[in-house]
Amino acid sequence: MSMLRKRITLGALSFSLCAGISSAVFAQSLGSPISESQLRGFDLIAPPDGSGYPEGGGTAIQGKVIFESRCSACHGMEGEGTSAATRLVGGDMQSEERPIRTVGSYWPHASTLFDYVQRAMPADAPKSLSSSEVYQVIAYILNMNGIIEASLVLNRDSLQQVQMPNKDGFIDSSQAL
Amino acid sequence: MSKQELEKVAGNGLINRRHLLGLGLAGVGVAASSSLLGADAGMNLEIPSWSKQPGPGASGYGSRSKFADDMKRLSGNPNPLYPGGGASRSPLHQLQGSITPNSLHFERHHAGIPDIDPSQHKLVIHGLVRQPLVFSYEDLLRYPMVSKIYFLECSGNSGTLFGPNPADGTAQSIHGLVSGAEWTGIPLSTLLDEAGVEPEAQWINAVGADAASMGRSIPLNRAMDDVMIALFQNGEPVRPEQGYPMRLFVPGCEGNISVKWLTQIKLSTEPGHFRDETSKYTDTRLDRKSLQFTYPMGTKSVITSPSGKMKLERQGVYQVSGIAWSGRGSIRRVEVSADGGRTWADAMIQSHQSEKALARFLIPWEWSGGDAILQSRATDSQGNVQPTRTSLVTEKGNISTYHFHGIQSWAVNTAGDVANVYA
């Protein structure tokens, strides 16, 4: 499959080289090369394998200050939320009643917390936190959920070690028809 | 033609769809209504004022009649704690055919609509590729494009119907997070091939340029299939609220995955596990395990007329009309019941039956003034049949409220009022 694809692409490449100046007509290869290092400030993806974590770090104790000034207006002083959608703390997937699903009870990967806060929060000023501030404020959210100690310095290595309570709660259905 | 000649094909007044084909029904309809109506009888017609003076001339950009400007998307109030977030719903009860005008296409935003200058916008393809590439909007306009008509439905559409009590709503408020359009763009596979996919790549991570930098992951095998980078919607550049200057379009799948304002595609061995494919847009089952990456939207139909909060003013023949769609194929059959699902009749499918597109259905129905419960049930080209609400809720529970595609019921009472019910 990939061999075949490679051959087709090579074919297309040599074809457009032959076509020379009429490449506009044949329209292949209009993208401009760019290197991964040029994308360092652009690529915010932080997947579970830890490959997207930046330098920096800090503790929940530091994060509490950030949370109270930058997050609590929408998420409540204790992360209890100002609506069902903004609750960040508590819940139990095995509760008798309908489970309350939060970062603490539901999220399978700690990486998602880093990734999301870095790209989308605070909702009124996304991408305004430094990498260290993101580590600190998510350390506080994890600590409020009883997942890490308040004194743990969260950084690219320690975040990689964090285990979420519901990590085995998901089934990949991406290939279901 | 007399009423007796109408062939009833199911309980409580459903009439054979074949009557739609000839003049038969039109004749009956006119006869039936004029005999009951009578109001216009004897009125002399005059030449109207607009036929006596020239109107304004051609214009650069058209607008609708001021007599038809009540057609609007329905949106919630802006929420200062969710800046730019929220949704608006298409007025399904007022639309006909199977294409939604761009200004009435539903919206769902997580951080508002970015004001993107296309000359500054970039699309990057990188990660597990031989050559990372960056494309400008101008570059992309030079590629050969494909055009296809597809539906787009938010995963949360009709989600209220998972709830214990039937919402007192309209077709728009309950089901309005679905729309249909012709999308024109570049097959994603063209650009992935240009960058050269590495053999270990299994997923693409797609990211938008909005303030939420919306991210979603799609398996590579799907991404190489019918996914496109859409640049045009119903012939014009994709509207800002739909992702201008470009969006991903993943046919048949939950709307959120068709990432708007697309700016980044990164190939990887594993999915990104973004917040909107873990915390949200996942389906927790009754056993508390949650399904992740549940992309296709189910086989579904909705009666848009008569529908919630309409009123049938008089007895007689009505056209029961609605839309049907499936994320797994085309619509092969739509049945309609007027007696709460006891008996069914085949509706006529009015529009072309193409893959992953809205199909408009129609069947005549004679309302005799009694209680009725109208339902519709779709079957797709794969043989998937729309389930009853009860069987869907029994199977899936209501911890998650995504992917509702059960049969919905509109009750008509003896006063002619139409309301959403659980039946």
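Residues numbered from 1 in each chain as written. Chains lettered and ligands numbered in written order. Predicted model: local features only at pLDDT ≥ 70, side-chain atom pairs only at ≥ 80, totals over all residues. Heavy atoms only, no water.

**Q** Hey, could you run me through the pairing of strand β19 (residues 316–325) of chain B in this one?
**A** Residue and element names in this part refer to chain B. Burial analysis of β19 places eight of its ten residues in the buried class, the great majority of the element. Pairing of strand β18 (residues 300–305) with β19 involves five bridges; the strand directions are antiparallel. By the bridge assignment, Ser305 is partnered in β19 with Ser321. Here nine bridges tie β19 to strand β23 (residues 359–367), and the two strands are oriented antiparallel to one another. Of the residues in β23, the one forming a bridge with Val320 is Ile363. (Buried < 20%, exposed > 50% of the residue type's maximum accessible area, 1.4 Å probe, protein only. Helix = DSSP H or I, 4+ residues; strand = E, 2+ residues; numbered from the N terminus. Pairing = 2+ DSSP bridges.)

**Q** Sorry if this is basic, but what is going on with the interface of chain A and chain B here?
**A** Where the parts come together, the accessible area they lose is often given as the size of the interface. Contacts between the two partners involve 56 residues from chain A and, on the opposite side, 59 residues from chain B. Approximately 4800 Å² of surface area, both sides summed, lies buried where chain A meets chain B, with 54% of it carried by carbon and sulfur atoms. At the junction of chain A with chain B, the criterion picks out one salt bridge. Taking the shortest distance from any N to any O, the salt bridge between Lys266(B) and Asp43(A) comes out at 2.5 Å. Seen at the junction of chain A and chain B, the total is 33 residue pairs in polar contact (both at pLDDT 80 or more). Elements that contribute at least two residues to the side of chain A that touches chain B include exactly α1 (2–19), β1 (32–33), α4 (72–75), α5 (110–120) and β4 (170–172) of chain A. Element by element, the count of residues in the side of chain A that touches chain B is highest for α5(A), at five residues. Looking at the side of chain A that touches chain B residue by residue, the class counts come to 27 nonpolar, 15 polar and 14 charged. Relative to strand β7 (residues 133–136) of chain B, β1(A) runs antiparallel, the two sharing two bridges. From the neighbouring strand, Pro33(A) faces β7(B), where its bridge partner is Leu133(B). (Contact = heavy atoms within 4.5 Å. Buried area = accessible area lost by both parts, 1.4 Å probe. Salt bridge = Lys/Arg side-chain N within 4 Å of Asp/Glu carboxyl O. Polar contact = N/O pair within 3.5 Å; in protein donor to acceptor, adjacent residues only side chain to side chain. Nonpolar A, V, L, I, M, F, W, Y, C, P; charged D, E, K, R; others polar.)

**Q** I'm lost on the sheet that holds strand β16 (residues 283–284) of chain B in this one. Help?
**A** The pairing of strands in a sheet happens through backbone hydrogen bonds and is either parallel or antiparallel. Taken in spatial order, the three strands line up as β4(A)-β17(B)-β16(B) in an open sheet, and their pairing is mixed. At either margin of the open sheet sits one strand with a lone partner, and together these are β4 of chain A together with β16 of chain B. Where β16(B) lies against strand β17 (residues 290–292) of chain B, two bridges are found, and the strand directions are antiparallel. Bridge pairing links Thr284(B) to Ser290(B) in β17(B).

**Q** Hey, could you run me through helix α6 (residues 131–144) of chain A in this one?
**A** An α-helical turn contains 3.6 residues, so a residue and the one three or four places further along point in the same direction. All names here are of chain A. With 14 residues, α6 extends 20 Å from end C-alpha to end C-alpha; this agrees with the ideal 20 Å at 1.5 Å per step. Most of α6 is tucked away, with ten of its 14 residues classed as buried. Buried residues along α6 sit against β2 (57–58), α3 (60–70), α5, β3 (154–155) and α7 (156–161). Taken from the residues just after α6, Gly146 is the one with a positive phi, measuring 70°. (Expected span 1.5 Å × (residues − 1).)

**Q** What should I look at first to understand the packing of α3(A) against α6(A) in this one?
**A** Two quantities define a packed helix pair, namely the angle between the helix axes and the distance between the axes. Residue and element names in this part refer to chain A. The interhelical angle for the contact between α3 and α6, taken along N-to-C directions, is 95°, at an axis separation of 7 Å. The angle between α3 and α6 places the two elements in the roughly perpendicular class. Residue-level inspection shows Ala60, Gln62, Gly63, Lys64, Ile66, Phe67 and Glu68 of α3 in contact with α6, the latter providing Glu133, Gln136, Val137, Ala139, Tyr140, Ile141, Asn143 and Met144. For the contact of α3 with α6, the residue count by class is eight nonpolar, four polar and three charged. (Axes fitted to C-alpha atoms, helices over the stretch in contact; angles between N-to-C directions. Parallel < 35°, antiparallel > 145°, perpendicular 65-115°, else oblique.)

**Q** Before we go on, may I ask you to explain the environment of Gln353(B) in this structure?
**A** With respect to the helices and strands, Gln353(B) occurs in the loop between β22 (348–349) and β23. Dropping the residues within four chain positions of it, Gln353(B) is found in contact with Ser330(B), Ile331(B) and Arg332(B).

**Q** Is there a simple way to explain helix α4 (residues 188–195) of chain B in this structure?
**A** Residues and elements named next belong to chain B. Extensive coverage of α4 is indicated by the burial of six of its eight residues. Turning to α4, its buried residues are Leu188, Ser189, Leu191, Leu192, Glu194 and Ala195. Looking one or two residues past α4, Gly196 carries a phi angle of roughly 80°, positive in sign.

**Q** Sorry if this is basic, but what is going on with the side chain of Ser376(B) here?
**A** All names here are of chain B. Looking at the element boundaries, Ser376 is found in strand β24 (residues 372–380). Engagement of the side chain of Ser376 in a polar contact is seen with the side chain of Ser301, the distance being 2.8 Å. Residues contacting Ser376, with those up to four places away along its chain left out, are Ser301, Val302, Ile303, Val334, Glu335, Val336, Trp344, Phe361, Gln386, Ile407 and Gln408.

**Q** Any chance you could explain unusual backbone geometry here in plain terms?
**A** Phi is mostly negative for residues that are not glycine, and the peptide bonds are mostly trans. At the junction of Met121(A) and Pro122(A), the peptide bond is cis and its omega measures out at -10° in the coordinates. Position of Pro122(A) among the secondary structure elements: in the loop between α5 and α6. A cis amide bond links Ser305(B) with the next residue in sequence, Pro306(B), at an omega value of -5°. Following the sequence through the fold, Pro306(B) ends up in the loop between β18 and β19. Phi at Arg288(B) takes a positive value of approximately 75°, unusual for a residue other than glycine. The residue Arg288(B) is located in the loop between β16 and β17 in this model.

Don't take any of this as a statement about function, it's just geometry.
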